[in-house]
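Listed below, chain by chain, are the residues.
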Amino acid sequence: QVQLVESGGGLVQPGGSLRLSCAASGSIFSRNVMGWYRQAPGKERELVATITSSGSTNYADSVKGRFTISRDNAKNTVWLQMNSLKLEDTAAYYCNLRWYSTRDYWGEGTLVTVST
C-alpha cells in the first residue's frame, strides 16, 4: 500500500514563505508524477504544481513565479517552496502521487493559513 505523509503547513503573514514536504512510501512505480493540490473553504480542489520523475514541472498560473516544486526520486519525496504568500493561498494542501491512469494516491493534507 502506498502512503503519503505531508508536513510543513502553518500560519504565515502575507509575503512570507513556507516549505511543504511530502514523503511517499510503499510499492511505487519509478515513472510517476508527484504534485500538490489545494482546497480552500467553499471551493473545489485545484492544481498547484506537478513534477514528473524526469523533472518536468507544471504550475497553476496563480502560483507561477512564487512557488517552486522539486523532488528527490531516491527518497520518493516532493517539496513545495512557497514564497510571497498571499491571503488567497490559504487552503488545505494535498500531496498527490500517480502513475498510469489507475494509480492515484493522496495525502491527508496540511493546512496553510496566510493571515495578518
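Residues numbered from 1 in each chain as written. Predicted model: local features only at pLDDT ≥ 70, side-chain atom pairs only at ≥ 80, totals over all residues. Heavy atoms only, no water.

**Student:** I'd love a proper account of the overall build of the protein chain, names of residues and values included.
**Tutor:** Counting secondary structure elements, the protein chain contains zero helices and eleven strands. Starting at the N terminus, the α and β elements of the protein chain follow one another as β-β-β-β-β-β-β-β-β-β-β. Over its C-alpha trace the protein chain gives a radius of gyration of 14 Å, about what one expects of a compact globule, namely 13 Å for 116 residues. Overall size of the protein chain, expressed as C-alpha extent along the three principal axes, is 40 × 25 × 20 Å. Taking all 116 residues of the protein chain together, 44% fall into the buried category. In the protein chain, of all internal contacts separated by at least 6 residues, the share reaching a separation of at least 24 is 53%. (Helix = DSSP H or I, 4+ residues; strand = E, 2+ residues; numbered from the N terminus. Rg over C-alpha atoms; globule rule 2.2 N^0.38 Å. Buried < 20%, exposed > 50% of the residue type's maximum accessible area, 1.4 Å probe, protein only. Contact = heavy atoms within 4.5 Å.)

**Student:** Help me get a handle on the environment of Ala 92, residues and values and all.
**Tutor:** Among the structural elements, Ala 92 can be located in strand β9 (residues 91–99). Owing to a relative accessible area of 17%, Ala 92 belongs among the buried residues under this scheme. For the pair Ala 92 and Val 78, spaced 14 residues apart in sequence, the C-alpha to C-alpha distance is 17 Å. Residues contacting Ala 92, with those up to four places away along its chain left out, are Tyr 37, Arg 38, Gln 39, Thr 110 and Leu 111.

**Student:** Any details on the packing of aromatic side chains? Residues and values, ideally.
**Tutor:** For any pair of aromatic rings, the description rests on two quantities: the centre-to-centre distance and the angle between the ring planes. For the structure on display, the rule yields three aromatic pairs. Ring plane angle 35° and centroid distance 5.1 Å describe the contact between Phe 29 and Tyr 100, whose orientation is recorded as tilted. Of this pair, Phe 29 sits in the loop between β3 (18–25) and β4 (33–39) while Tyr 100 sits in the loop between β9 and β10 (103–106), and the two are 71 residues apart along the sequence. We classify Tyr 100 as exposed; its relative accessible area is 61%. (Phe/Tyr/Trp six-rings, centres within 6.5 Å; stacked < 30°, edge-to-face > 60°.)

**Student:** Outline the nonpolar core, supporting the account with residue identities and numerical values.
**Tutor:** In terms of nonpolar packing, the biggest core is built from 31 residues, with Trp 36, Leu 80, Met 82 and Tyr 93 touching the most fellow members. Going through the elements one at a time, β3, β4, β5 (46–52), β7 (67–72), β8 (77–82), β9 and β11 (110–114) are the ones with two or more residues in this core. Top element by residues in this core is β9. It accounts for five residues. What Met 82 contacts, discounting residues up to four positions off in sequence, is Gly 16, Ser 17, Leu 18, Leu 20, Arg 66, Phe 67, Tyr 93 and Val 112. (Core = buried A, V, L, I, M, F, W, Y, C linked by side-chain atoms within 4.5 Å.)

**Student:** So what about the sheet that holds strand β1 (residues 3–7)? Which residues, and what values?
**Tutor:** The antiparallel open sheet is built from four strands, whose spatial order is β1-β3-β8-β7. A single partner strand is all that each edge strand has here, and the edge strands are β1 and β7. Strand-to-strand, the axes of this sheet are offset by a mean angle of 15°, without reference to chain direction. Two strands pair when backbone bridges link them, and β1 and β3 are joined in this way by five bridges, in the antiparallel orientation. Looking across to β3, one finds that Gln 3 is bridged to Ser 25. (Pairing = 2+ DSSP bridges. Axes fitted to C-alpha atoms, helices over the stretch in contact; angles between N-to-C directions.)

Any functional reading would require information that these geometric values do not contain.
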